[in-house]
Amino acid sequence: MRVLVVFCHPVETSFHATLHRDVVGALTQAGHEVDDFDLYAEGFNPVLSREERLGYHEVPSNRVPVEAYLQRLERAEALVFCFPTWCFGLPAMLKGFFDRLLMPGVAFDISDPAHVKPALTHIRRISAVVTYGRPRWMAWYMGDPPRRVITRYLKVLAGPGVKIDYHARYHMNVATPTQLTRFRDRVRDAMLKFN
């Protein structure tokens, strides 16, 4: 399967960078064709400009500023997101990825605004590997926006047939090395069985 891995963390020595390497390695070992999109390393600009917003609904010219990225997204059959949760939300860089790329004519068909249709229907599989500094109960209390974006919003855009899983490690601030190793093992196992 062609898998677009979207990684979002600015520090190459972080635990999340280790998770990212585990994800790419396990997917490759499992025989998938991996397109590794490191938002920071590639210098992705997350800012939706005034001009882009003004032309947001103008299909297909809305694609022009991000065409190269859209080609990668449209080539993919699966998406794997690898990111930390900051302030109970997506990192700004990843939010910008969603704002700039998940647009009319790409992620959804808005030709009939009363009946918006999914357009990422070529995506058969979505997964996320996410870390949180705080405990699960606090993320739940805050509504756990990252989980909702991955498991609900992307499901709407990809259609009802997409399979989604969400691998979360909560309370990173007090996690022991043994707990982190177990989480890494769980993530690697999931990626080796990814289908």
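Scroll up to find the structure this text is about.
This is a predicted model, so every value here is computed, not measured. (Residues numbered from 1 in each chain as written. Predicted model: local features only at pLDDT ≥ 70, side-chain atom pairs only at ≥ 80, totals over all residues. Heavy atoms only, no water.)

**Topic: the overall build of the protein chain**
Thinking step 1. Across its full length, the protein chain holds 7 helices and 7 strands.
Thinking step 2. Mapped from its N terminus to its C terminus, the protein chain presents α and β elements in the order β-α-β-α-α-β-α-β-β-β-α-α-β-α.
Thinking step 3. Its C-alpha atoms give the protein chain principal-axis dimensions of roughly 50 × 35 × 30 Å.
Thinking step 4. Relative to its 195 residues, the protein chain shows a buried fraction of 48%.
Thinking step 5. In the protein chain, the share of contacts with a sequence separation of at least 24, taken over all contacts with a separation of at least 6, comes to 77%.
Thinking step 6. As displayed, the protein chain has an accessible area near 9800 Å², and 56% of this comes from carbon and sulfur atoms.
Thinking step 7. Placing the 25 positive and 20 negative side-chain charges of the protein chain at their respective mean positions leaves the two points 8 Å apart. (Helix = DSSP H or I, 4+ residues; strand = E, 2+ residues; numbered from the N terminus. Buried < 20%, exposed > 50% of the residue type's maximum accessible area, 1.4 Å probe, protein only. Contact = heavy atoms within 4.5 Å. Areas by Shrake-Rupley, 256 points an atom, 1.4 Å probe, with all protein chains shown as cover. Lys, Arg positive; Asp, Glu negative; His and termini not counted. Charge placed at Lys NZ, Arg CZ, Asp CG, Glu CD.)

**Digging into the environment of Asp99**
Thinking step 1. Within the secondary structure, Asp99 sits in helix H4 (residues 92–101).
Thinking step 2. Taking the relative accessible area as the measure of exposure, Asp99 reaches 30% and is therefore partly exposed.
Thinking step 3. Leave out the neighbours within four places in its chain, and Asp99 touches Leu48 and Tyr56.
Thinking step 4. Of note is the side chain of Asp99, whose polar atom sits 2.7 Å from the side chain of Lys95. (Polar contact = N/O pair within 3.5 Å; in protein donor to acceptor, adjacent residues only side chain to side chain.)

**A few points about the side chain of His20**
Thinking step 1. Position of His20 relative to the elements: it lies in helix H1 (residues 15–29).
Thinking step 2. Look past the residues within four positions of His20 in its chain and what remains in contact with it is Val5, Phe7, Asp36 and Cys82.

**Topic: the pattern of salt bridges**
Thinking step 1. Applying the stated rule across the entire model yields 15 salt bridges.
Thinking step 2. Linking Arg75 and Glu33 is a salt bridge whose minimum nitrogen-to-oxygen distance equals 2.6 Å. Taken together, the positions of Arg75 in helix H3 (residues 67–75) and Glu33 in strand S2 (residues 33–38) put the pair 42 residues apart, joining distant regions of the chain.
Thinking step 3. The network of salt bridges with common partners includes Asp22, Arg184, Asp185 and Arg188. (Salt bridge = Lys/Arg side-chain N within 4 Å of Asp/Glu carboxyl O.)

**What about H3?**
Thinking step 1. Here H3 has its buried residues at Tyr69, Leu70 and Leu73. The buried residues of H3 occupy an angular sector of 100 degrees when projected down its axis, which confines them to one face.
Thinking step 2. Looking at the buried side of H3, the elements it contacts are strand S1 (2–7), S2, strand S3 (78–84) and H4. (Arc of directions from axis to C-beta.)

**Quick look at the environment of Cys8**
Thinking step 1. Relative to the helices and strands, Cys8 resides in the loop between S1 and H1.
Thinking step 2. Between the alpha carbons of Cys8 and Phe97 there is a distance of 9.8 Å; along the sequence they are 89 residues apart.
Thinking step 3. Every residue in contact with Cys8, bar those within four places of it in the chain, is listed here: Leu39, Tyr40, Cys82, Phe83, Pro84, Pro91, Met93 and Leu94.

**Quick look at the packing of aromatic side chains**
Thinking step 1. Here the structure, examined in full by the defined rule, presents 9 aromatic pairs.
Thinking step 2. Relative to Phe97, the ring of Phe37 lies with its centre 5.9 Å away and its plane at 70 degrees, an arrangement referred to as edge-to-face. Of this pair, Phe37 sits in strand S2 while Phe97 sits in helix H4, placing them 60 residues apart in sequence.
Thinking step 3. Judged by relative accessible area, Phe37 falls into the buried class, the value being 1%.
Thinking step 4. For Phe97, a relative accessible area of 2% puts it in the buried group.
Thinking step 5. Plain terms: the ring middles of Phe97 and Phe98 are 5.7 Å apart, the flat faces sit at 70 degrees to each other, and that makes the pair edge-to-face.
Thinking step 6. Given the relative accessible area of 7%, Phe98 is considered buried.
Thinking step 7. A network of ring pairs unites the aromatic residues Phe37, Phe44, Tyr69, Phe81, Phe97 and Phe98 as a single cluster.
Thinking step 8. Here Arg53 stacks its cationic end above the ring of Tyr56, 4.6 Å away from the centre of that ring.
Thinking step 9. Over the face of the ring belonging to Phe37 we find Arg72, whose NZ or CZ atom lies 4.4 Å from the ring centre. (Phe/Tyr/Trp six-rings, centres within 6.5 Å; stacked < 30°, edge-to-face > 60°. Lys NZ or Arg CZ within 6 Å of the ring centre and 35° of its normal.)

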